[in-house]
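# Observations on the model geometry
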Amino acid sequence: MLTRRHFLASTLAAAQGQTTSRPNVLVILTDDQGYGDFSAHGNPVLKTPNLDKLHDESVRFTDFHCAPMCTPTRGQLMSGVDALRNKACSVTAGRAVLRRDLPTMADVFRAGGYRTGMFGKWHLGDSYPYRPMDRGFQTAKYHLGFGMSSAPEFDNDYFNGRYHDNGVTKRFQGYCTDFWFSEAMAWMKQRGEEREPFLCYLPTNAPHGPAWVDPKYSGPYNHDGLPAGFFGMIANLDENMGKLDRFLEQSGLRGNTIVVFMTDNGGTAGVSVYNAHMRGRKTQLYDGGHRDPCFVRWPKGNLRAAGDVDYPAQAQDVLPTLVSLCGLHTPQGARFDGVSLAPLLRGKAEMPDRMMVVQYGQVPKKWESNVIWNQWRLVNGTELYDFRANVAEDRNLAAANPGVVSRMRAHYESWWASVEPGLKEPEPVAIIGSPEESPTMLCSADWWEIYADNPGHVSNAVGGATGAPWYIGVAETGEYRIELSRWPFNLMLPLTAGREPQKMHMGSLPPGKAMPIAGAKLRVGSGRELQAKAAPGARSISFRVPVEKAARIPLHAWFTGAKGEDVCGAFYARIEKV
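Residues numbered from 1 in each chain as written. Predicted model: local features only at pLDDT ≥ 70, side-chain atom pairs only at ≥ 80, totals over all residues. Heavy atoms only, no water.

## Description of the environment of L29
Heads up, the rule is: Segments assigned H or I by DSSP are reported as helices when at least four residues long, segments assigned E as strands when at least two residues long, and all are numbered from the N terminus. Residue contacts follow a heavy-atom distance rule, with two residues in contact if any of their heavy atoms lie within 4.5 Å.
Counting through the fold element by element, L29 comes out in strand 1 (residues 24-30). C-alpha separation for the pair L29 and P320, spaced 291 residues apart in sequence, amounts to 17 Å. Setting aside its immediate chain neighbours within four residues, L29 contacts R74, L77, Y201, L202, P203, T204, M262, T263 and D264.

Dropping the structure here:
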């Protein structure tokens, strides 16, 4: 396979002199908004007039599938490769970074002479070499982790919070969704004025919880047990979509800009109100967990008329589709699991028969999947549903269709054999000692195969008495200072401290549990176990450790009590070469 580095080097020169006649691309991805969370899809309560307008003006893939959780969808979107193959197959547990050797959507567009920018939620790695600006985005304004209250952000807020501008921490004013849209529009405006074709990636962290939003948006839904905050966040999103469309029109960019709108997984807070009659929700393998909207609009692109296309499609198809529509080079040797949907967008009726596998997981297991073949769904290898005849997926037809089951199981067996070996090899979540980033910050969200990325996880010190290791790479041999903390370093709390509930602009963070920390233990690679005691009132414990250059080693750190007993994992670490 051609590596990402070789692809960039071999194609960048060829992009010189490209004209602005090629289309711009705007990819919008909302977070935790399900298929049923649109009035255009039949929601009886929620009003989404601007999203409905985009729906009405777009070619709509109505059998479109993402992963049942967000990071796997994001990795598939950016790479065109299945989550279990690209290794970003979970939202945490050391499996939320995208393989370094895979060219990303931003790499492909940048090599093709496009300007690239992203604004919002990345969630494919917080440290070098996985940050958005390390993966092809020239401009990157983003938050860390899954959202503003994730372990790496912890005390961040949806209002007047922190963000990262190409790695530099800054503060924004106002509401996060408004900020992402405003920054994206300002950037696109500049690109238009300078006549530079662009790829703009706008992945919002809304409407993912916590459901914090101005009451003027949630107020209309604050009755009858409705998820008022969640619907309010979507109402704010919808308002921003209207502003965005007016901007594209007024700036003259609308006609030659391909707009792709998607959501990242199945329904969440809105499922109890309306789920388009589907079974399942986020994290689940039935269609309600991963069937999502995909709208594509390109007014001057000679696409077929707006309307529905029921061909089975997936997030992995978006990159090869955009490569086709924009006349870009497919990286030599690259293996997309997705296919180009350009023929369908152009109005050609025939596409090859296909089977697709939906699978993700913190610790992926064989058969925990949904195999899709036209109308058929094979769930967990044993349940067969005809989705078109039975949207509720409550009639298992496996016994009556053994031939269909056999073919779909055979497809999965072959697919699993191709991905399973790589699952045993952790992708390092960071490379320490690089001039590209110092210090390197790690947190419990990337502990190997342990789920510890929510504020409640950190506050309650989950993860057992020792937590779990981080897998890291080491850029240079040398002595490293490794500093460990129970709490985020910016809070400046003693190791033994608890926390009162923290009042936020529209809500609060949970109280934090005090832990009897008196020392720490550290093991780096195959080295011996090191120990250190905490000074009275200390906020952290530091070690100085010689470390050899390495492609991947485990780094395991945890806290101990007064008698040397194991207490909890080290939730935060700061590492720099001395």
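## A closer look at the sheet that holds strand 26 (residues 541-547)
Heads up, the condition is: Note: two strands are recorded as paired if DSSP finds a minimum of 2 bridges between them. Here the axes come from fitting lines to C-alpha atoms, over the contacting stretch only for helices, and the angles between their N-to-C directions go from 0 to 180 degrees.
Read from one edge of the open sheet, 4 strands run 19-29-21-26, paired in antiparallel fashion. Only two strands of the sheet have a single neighbouring strand rather than two, namely strand 19 (440-443) and strand 26. Recorded for the sheet is a direction-independent mean angle of 25 degrees between the axes of neighbouring strands. By the bridge criterion, 7 bridges tie strand 21 (residues 478-485) to strand 26 in an arrangement that is antiparallel. Each residue of the ladder has a partner; that of R481, found in strand 26, is R544.

## Re helix 2 (residues 49-57)
In an α-helix, one full turn covers 3.6 residues, which means residues spaced three or four apart are oriented alike. What counts, and what does not: Only protein chains enter the area calculation, which uses a 1.4 Å probe; residues under 20% of their type maximum are buried, those over 50% are exposed, and those in between are partly exposed. Note: the arc covers the axis-to-C-beta directions of the helix.
Residues of helix 2 that are buried: L51, D52, L54 and H55. All buried residues of helix 2 project into a common sector of 160 degrees when viewed along the axis, lining one side. In helix 2, the exposed positions that point more than 90 degrees away from the buried face belong to P49 and D56. Residues of helix 2 that are buried make contact with strand 2 (59-61), helix 8 (228-250), strand 9 (257-263) and strand 11 (294-297).

## Some thoughts on the pairing of strand 8 (residues 198-203)
Each regular strand displays side chains that alternate between the two surfaces of the sheet. Within strand 8, 6 of the 6 residues are buried, which leaves it mostly tucked inside the rest of the structure. Neither face of strand 8 is exposed, since F198, C200 and L202 on one face and L199, Y201 and P203 on the opposite face are all buried. The pairing of strand 1 with strand 8 spans 5 bridges and is parallel. Paired with V27 across the two strands is Y201, which belongs to strand 8. Strand direction decides the pairing type here: strand 4 (residues 115-121) and strand 8, joined by 4 bridges, are parallel. Directly across from T116, in strand 8, lies its bridge partner L199.

## Details of the pattern of salt bridges
We count it as follows: In what follows, salt bridge is the name for a side-chain nitrogen of Lys or Arg lying within 4 Å of a carboxyl oxygen of Asp or Glu.
Taken as a whole and judged by the stated rule, the model has 41 salt bridges. Across the pair D337 and R85 runs a salt bridge, and its minimum N-O distance is 3.0 Å. Here D337, found in the loop between helix 9 (318-326) and helix 10 (342-345), pairs with R85, found in helix 4 (residues 83-86); they are 252 residues apart in sequence, far enough to count as distant. In this structure, D337 and R85 share a single accessibility class: buried. With a shortest N-O distance of 3.4 Å, R544 and E479 are connected by a salt bridge.

## What to know about the pairing of strand 7 (residues 168-171)
Where strand 6 (residues 162-165) meets strand 7, 4 bridges bridge the pair, whose relative direction is antiparallel. Looking at strand 7, one finds that R162 is bridged to R171. Counting the residues in the hairpin turn of strand 6 and strand 7 gives 2 residues, including N166, whose phi is positive at 50 degrees.

## Focus on empty space enclosed by the protein
Selection criterion: As defined here, a cavity is a set of points on a 1 Å grid over the protein atoms alone where a 1.4 Å probe fits but cannot get out. A pocket is an open set with protein on both sides within 12 Å along at least five of seven lines, and residues line them when an atom is within 4 Å of a point. Grid points are joined across faces, edges and corners, and a volume is the space filled by probe spheres set on the points. Gly is placed with the polar residues, together with every amino acid not listed as nonpolar (Ala, Val, Leu, Ile, Met, Phe, Trp, Tyr, Cys and Pro) or charged (Asp, Glu, Lys and Arg).
Overall, the coordinates contain 6 cavities of 30 Å³ or more when judged by the stated rule. In this structure, the largest cavity spans a volume of roughly 110 Å³. A96, H123, D126, G145 and D446 are the residues nearest the centre of the largest cavity, which is lined by 14 residues in total. Among the residues making up the lining of the largest cavity, the classes are represented as 6 nonpolar, 5 polar and 3 charged.

## Here we look at the sheet that holds strand 16 (residues 376-379)
Reading across from one edge, 14-15-16-17 is the order of the 4 strands in this open sheet, with antiparallel pairing throughout. Since the sheet does not close on itself, it has two edges, and those belong to strand 14 (355-358) and strand 17 (383-386), each with one partner. Strand after strand, the sheet turns through a mean of 20 degrees between neighbouring axes, direction not considered. Where strand 15 (residues 370-373) lies against strand 16, 4 bridges are found, and the strand directions are antiparallel. The residue bridging V371 from the neighbouring strand is L378, located in strand 16.

## Some thoughts on unusual backbone geometry
It is generally the case that most residues other than glycine have a negative phi and that most peptide bonds are trans. Across the junction of Y128 and P129, the peptide omega takes the value 10 degrees, indicating a cis bond. Relative to the elements of secondary structure, P129 occurs in the loop between strand 4 and strand 5 (139-143). A cis amide bond, omega 5 degrees, links G209 with the succeeding residue P210. Mapped onto the fold, P210 is located in the loop between strand 8 and helix 7 (215-218). In this model, T283 sits at a positive phi of 85 degrees, which is unusual for a non-glycine residue. Summarising the element assignment, T283 is placed in the loop between strand 9 and strand 10 (291-292).

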